[in-house]
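Coordinates in review
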Amino acid sequence: MRYLPLSDDDRSAMLARIGAGSVDELFRDVPAEARLSGPIEGLPLHASEMAVERQLAAMARKNMVAGEVPFFLGCGAYRHHVPASVDHLIQRGEFLTAYTPYQPEIAQGTLQVLFEFQTQVARLLGCEVANASMYDGSTACWEAIGMARRITRRKRAIISSGLHPHYVAVCRTMAKFTGDTLDLALPELAAATDAERLIASIDKEVSCVVVQYPDILGRIADLAPIAEAAHAHGALLVAVVTEPVALGLIKSPGEMGADIVVGEGQSIGVGLQFGGPYVGLFACREKHVRQMPGRLAGETVDAEGKRGFVLTLSTREQHIRREKATSNICTNSGLCALAFSIHMTLLGEKGLRRLAEINHARAVEVAERLAAIPGVELVNESFFNEFTLKLPIEARPAVHAMVEKRVLGGVSLGRLYPGEAALANGLVIAVTETVSNADVDALEAALREIVR
Amino acid sequence: MSLYFTGEHEWIRVEGDVATIGISDHAQQALGDIVFAEVPEQGRSVNKGDEAAVVESVKAASDVYAPIAGEVIEGNPALADDPALINRDPEGEGWFFKMTLADASELDGLMNESAYREWVKTL
């Protein structure tokens, strides 16, 4: 048999069958400016593996890497220190290669890890039950909206303007296929969140209110009044946490009455990794567990009365329920969940609190210094490790100008909300324990010079 | 009072203009230990053939269909805490829901008790 699987004739026959003129036509969803228009510059069409490797390594060096420069980017992905022991442990053969070992007879280790992970997530988010993880924060957010629809049998969700716009985009994509209506709004560059607007918009048609905590601008709202208003109308409160380290310091959404709490677990144990793979967190009240998506590991006893672990409530899932399953998700982010769980175990409750304190104290210090720059205003009244500045100039070019000075100085709202003039001067800055004094000096100097 | 059965193993007990619906003894035996049942809420209108309730056992999850059109009067509140009631008394205390009977002629196509019991023997 020939190794080359596809001849030109095969390709033409396949294209003719699906009615496409060329392979390129299949990629027309990708904007023209994002497509490669010819051969990669400097890379010959034919070269040895070693030569290609060298060439590509040189190209990769053009990237400005998070760990090499002062780094203040957040907005849903956070650079925290991950102890070397986390990577060492997740690479043990038993964990790294065992993809879906769900038979309890042979998979007690994996099932116990998932059970411990769920326990940590449930405690962190302030809920009774958590699942064995989702793909990432944005898909977990969408699954929460779907779950609220199943519970309330209503199809209108009110989305806070403080929800990450990428999460909003995922929800909009999915809602196209389910018929859910999403009430959307743009955030304002102000200290107050849109809690009042949310409360005023809830009625008997609403399945859920979705609120990010802390929100995209880093603001922290009291969720209790929103939960109360939602419950008064038979709706649910879905809280979204993109920076779970914050919950080492601030009250958990579950404690404030959220019915479903989802989040992005990347910031605990998982690196930035170019945006993925990450790990979605999903927790809820026990009374809603039947409508929850995803795997659940449960504790039980074996025939001899010894403690053991199994998958539980599987009738919600696709291998039994087929198209009526609560979700098509299964193992998803098992390895990232393991990393989360190991890092969390190493930190312990005290360690997590301490880490959160360091993050907040550092962020407060940086906010004060930057807000002292003439023309620069701090938007937030409250924040954890991420806050928004209002610059006297547009933030997007300011970020590029800081890059020229080798400082990754925050995420501009112009990037997140292109074309929205009212937000164009907003700059969101994240400060974690990885930021050194020299980093802060560099950021302050760069920003001071650029806004002058 | 008259008792009817469907090919999906639901039973319908009609008293006046109220129909009580459950699953047959044969169905509960086939499902095994029942661990969960979701019953429809009061006031929900259903058409003949709509999914109205869900039953889960240790080995399967199945839908219970509305055998006739009408409006749900009540779901059996006892099933939430004691789904095994369906195993113990499937054609009595283990009923799923009561509904109004919108069109009595829809009962015509259903099996009577002796026809159903005979048919089940052939399965």
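We now turn to the structure provided with this report.

Quick notes on the rules
Residues numbered from 1 in each chain as written. Chains lettered and ligands numbered in written order. Predicted model: local features only at pLDDT ≥ 70, side-chain atom pairs only at ≥ 80, totals over all residues. Helix = DSSP H or I, 4+ residues; strand = E, 2+ residues; numbered from the N terminus. Buried ≥ 20, exposed ≤ 12 C-beta atoms within 10 Å, placed from the backbone. Contact = placed C-beta atoms within 7 Å. Nonpolar A, V, L, I, M, F, W, Y, C, P; charged D, E, K, R; others polar. Pairing = 2+ DSSP bridges. Axes fitted to C-alpha atoms, helices over the stretch in contact; angles between N-to-C directions.

Regarding unusual backbone geometry
Residue and element names in this part refer to chain A.
- Cis geometry is adopted by the peptide bond preceding Pro 214, which originates at Tyr 213 and carries an omega value of -15°.
- Relative to the helices and strands, Pro 214 resides in the loop between β4 (206–212) and α9 (224–232).
- In this chain, Gly 276 is followed by Pro 277 through a cis amide linkage whose omega measures 0°.
- Along the chain, the position of Pro 277 falls in the loop between β6 (260–264) and β7 (280–284).
- A positive phi angle is found at Gln 273, which is not glycine, with a value near 45°.
- Relative to the elements of secondary structure, Gln 273 occurs in the loop between β6 and β7.
- Residue classification places Gln 273 among the exposed positions, given that 11 C-beta atoms sit within 10 Å.
- A positive phi angle is found at Phe 274, which is not glycine, with a value near 55°.

What to know about the interface of chain B and chain A
- Each partner contributes to the interface: chain B provides 4 residues, whereas chain A provides 4 residues.
- Of the residues assigned to the side of chain B that touches chain A, the class counts are 3 nonpolar, no polar and 1 charged.

Focus on the sheet that holds strand β4 (residues 34–38) of chain B
All names here are of chain B.
- The strand order β4-β6-β7 describes an open sheet built from 3 strands, whose pairing is antiparallel. In this open sheet, the two edge strands, each paired with only one partner strand, are β4 and β7 (61–65). In this sheet, neighbouring strand axes are inclined to one another by 20° on average, regardless of whether the strands run parallel or antiparallel.
- Across 4 bridges, β4 lies against strand β6 (residues 51–57) in antiparallel orientation.

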